[in-house]
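# Structural overview for review
Spelled out from the first residue to the last, the chains are:
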Amino acid sequence: ADAAILRIHGDVTGDSERALMDAYAAASPGVRAIVLDFADLEYMNSGGIGLLVTLLVRVQRAGQRLHAIGLSEHYRQILALTRLDEAIEVHDDESAALAAASA
């Protein structure tokens, strides 16, 4: 597979580290890209943004790319303000992310 999709549910805070990193470890072998689906995200704080940075570093070290879908306008703006949107490819929907992952 070109990509694995990690579906985010509820809150993403510093307390989410183990769940997110375990999900990444389980999904990442043999894929070129990780797609984070934020459609069911309820809340993300600065600790959650820090986790995204940690995940981004791991993804890049593995030679993979990180994509995001399902972001509300609020969280799109946060990614832009933190400049994470320069490293995490943000897409409008799953099909666009999967197409970009296979390119």
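Let me begin by describing the structure that accompanies this report. (Residues numbered from 1 in each chain as written. Predicted model: local features only at pLDDT ≥ 70, side-chain atom pairs only at ≥ 80, totals over all residues. Heavy atoms only, no water.)

### Concerning the environment of Ala-62
Note on placement: Ala-62 falls in the loop between helix 2 (46–61) and strand 3 (65–69). Look at Ala-62 and you get partly exposed, because its relative accessible area is 49%. For Ala-62 and Ala-1, which are 61 residues apart along the polypeptide, the C-alpha to C-alpha distance reads 15 Å. (Helix = DSSP H or I, 4+ residues; strand = E, 2+ residues; numbered from the N terminus. Buried < 20%, exposed > 50% of the residue type's maximum accessible area, 1.4 Å probe, protein only.)

### With respect to the sheet that holds strand 3
In a beta sheet, neighbouring strands pair by backbone hydrogen bonds and run either parallel or antiparallel. With parallel pairing, the four strands of this open sheet are ordered in space as 1-2-3-4. If you trace the sheet from one side to the other, it starts and ends with strand 1 (3–12) and strand 4 (88–90), each paired once. Direction aside, the axes of adjacent strands within the sheet are offset by 30° on average. Both strand 2 (residues 33–44) and strand 3 contribute to a ladder of five bridges, which runs parallel. Looking at the pairing, Ala-33 lines up with Arg-65 of strand 3. Where helix 1 (residues 17–27) meets the sheet, its contacts fall on strand 1 and strand 2, and the angle it forms with strand 1 comes to roughly 170°. (Pairing = 2+ DSSP bridges. Axes fitted to C-alpha atoms, helices over the stretch in contact; angles between N-to-C directions. Contact = heavy atoms within 4.5 Å.)

### Structural notes on the side chain of Gln-64
You can see Gln-64 is positioned in the loop between helix 2 and strand 3. Under the relative-accessibility criterion, Gln-64 is labelled buried at 8%. Within the structure, Gln-64 has its side chain in polar contact with the side chain of Tyr-24 (distance 2.6 Å). (Polar contact = N/O pair within 3.5 Å; in protein donor to acceptor, adjacent residues only side chain to side chain.)

### A few points about the environment of Met-44
Topologically, Met-44 is positioned in strand 2. On a C-alpha basis, the gap between Met-44 and Leu-20 in space is 13 Å, while along the polypeptide they are 24 residues apart. Look past the residues within four positions of Met-44 in its chain and what remains in contact with it is Val-12, Phe-38, Ile-49, Leu-52 and Tyr-75.

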